[in-house]
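Below, each chain spelled out in residue letters.
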Amino acid sequence: MTHAFTTRALGPGDVAELRSMLAMFGEAFGEPDTYTARQPGDAYLAGLLASGTFVAVASFAGSRLIGGLAGYVLPKFEQARSEFYIYDLAVDAAHRRQGVATSLIRTLQDEVQGRGVYVVFVQADHGDDAAVALYTKLGVREDVLHFDLLPSGSSARG
């Protein structure tokens with residue numbers, strides 16, 4: 001059964017919606033403290049939503065947030081163009097397999113079209129078969145290695 005939902009990019013007046021998205025990410029990824037324990041203030045989040053380098057897209061069933069995508073425009077130096085990196089994407093468990101994630105990505109593609117973005121990229125973990133299937137359906141797969149390099153003096157990620 002398909003449920004009705006709407007999807008849109010968030011703007012600077014959507015801080016409450018961004019906070020709902022953070023809570024949903026925490027639940028979906030099993031990391032509630034990472035996403036909710038030390039959230040920045042409203043002015044910071046509004047500024048982030050107003051910036052040209054961050055985009056958040058949300059899906060709603062009525063007024064309830066059921067899916068979200070957040071990521072970053074990465075201006076390039078070798079040409080006057082940008083890439084977009086999907087940092088987080090999740091859909092509430094009760095609304096999966098209903099086209100929400102595809103709608104989030106399609107709305108993002110429309111949103112970044114006017115920002116000089118020539119490609120959108122995303123990572124998926126080995127074993128996350130649903131994500132791999134989604135991204136394979138929507139794009140071209142590249143097998144790469146990912147490395148986390150900590151800044152000098154850092155002892156842990158956080």
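Note that the structure is a prediction, hence the values are computed from the model and not measured. (Residues numbered from 1 in each chain as written. Predicted model: local features only at pLDDT ≥ 70, side-chain atom pairs only at ≥ 80, totals over all residues. Heavy atoms only, no water.)

## A word on the sheet that holds strand β4 (residues 82-91)
The strand order across the open sheet built from 5 strands is β1-β2-β3-β4-β5, with neighbouring strands paired in mixed fashion. Lying at the two open borders of the sheet, with one neighbouring strand each, are β1 (6-9) and β5 (117-122). Neighbouring strand axes in the sheet, compared pairwise and without regard to direction, differ in orientation by 25 degrees on average. As paired strands, β1 and strand β2 (residues 54-61) are joined by 4 bridges and run antiparallel to one another. Within the sheet, the bridge partner assigned to Arg8 lies in β2 and is Ala58. Its contacts with the sheet put helix α4 (residues 100-112) on β1, β2, β3 (64-75), β4 and β5, and the angle it makes with β4 is roughly 155 degrees. (Pairing = 2+ DSSP bridges. Helix = DSSP H or I, 4+ residues; strand = E, 2+ residues; numbered from the N terminus. Axes fitted to C-alpha atoms, helices over the stretch in contact; angles between N-to-C directions. Contact = heavy atoms within 4.5 Å.)

## Quick notes on the environment of Pro12
Among the structural elements, Pro12 can be located in the loop between β1 and α1 (15-29). Here Pro12 is in contact with Ala46, Leu49 and Ala50, once residues within four sequence places are set aside.

## As for the packing of aromatic side chains
Tallied over the entire structure, the rule returns 7 aromatic pairs. A centroid spacing of 6.0 Å and a plane angle of 80 degrees characterise the contact between Tyr72 and Tyr87, whose relative ring orientation is edge-to-face. In this pair, Tyr72 is assigned in strand β3 and Tyr87 in strand β4, connecting sequence segments 15 residues apart. On the accessibility criterion, Tyr72 (32% relative accessible area) is partly exposed. Pairing Tyr85 with Tyr87 gives two aromatic rings, centres 6.2 Å apart and planes at 75 degrees, and the pair type is edge-to-face. These aromatic residues form a ring-pair network of at least three members: Phe54, Tyr72, Tyr85, Tyr87 and Phe121. (Phe/Tyr/Trp six-rings, centres within 6.5 Å; stacked < 30°, edge-to-face > 60°. Buried < 20%, exposed > 50% of the residue type's maximum accessible area, 1.4 Å probe, protein only.)

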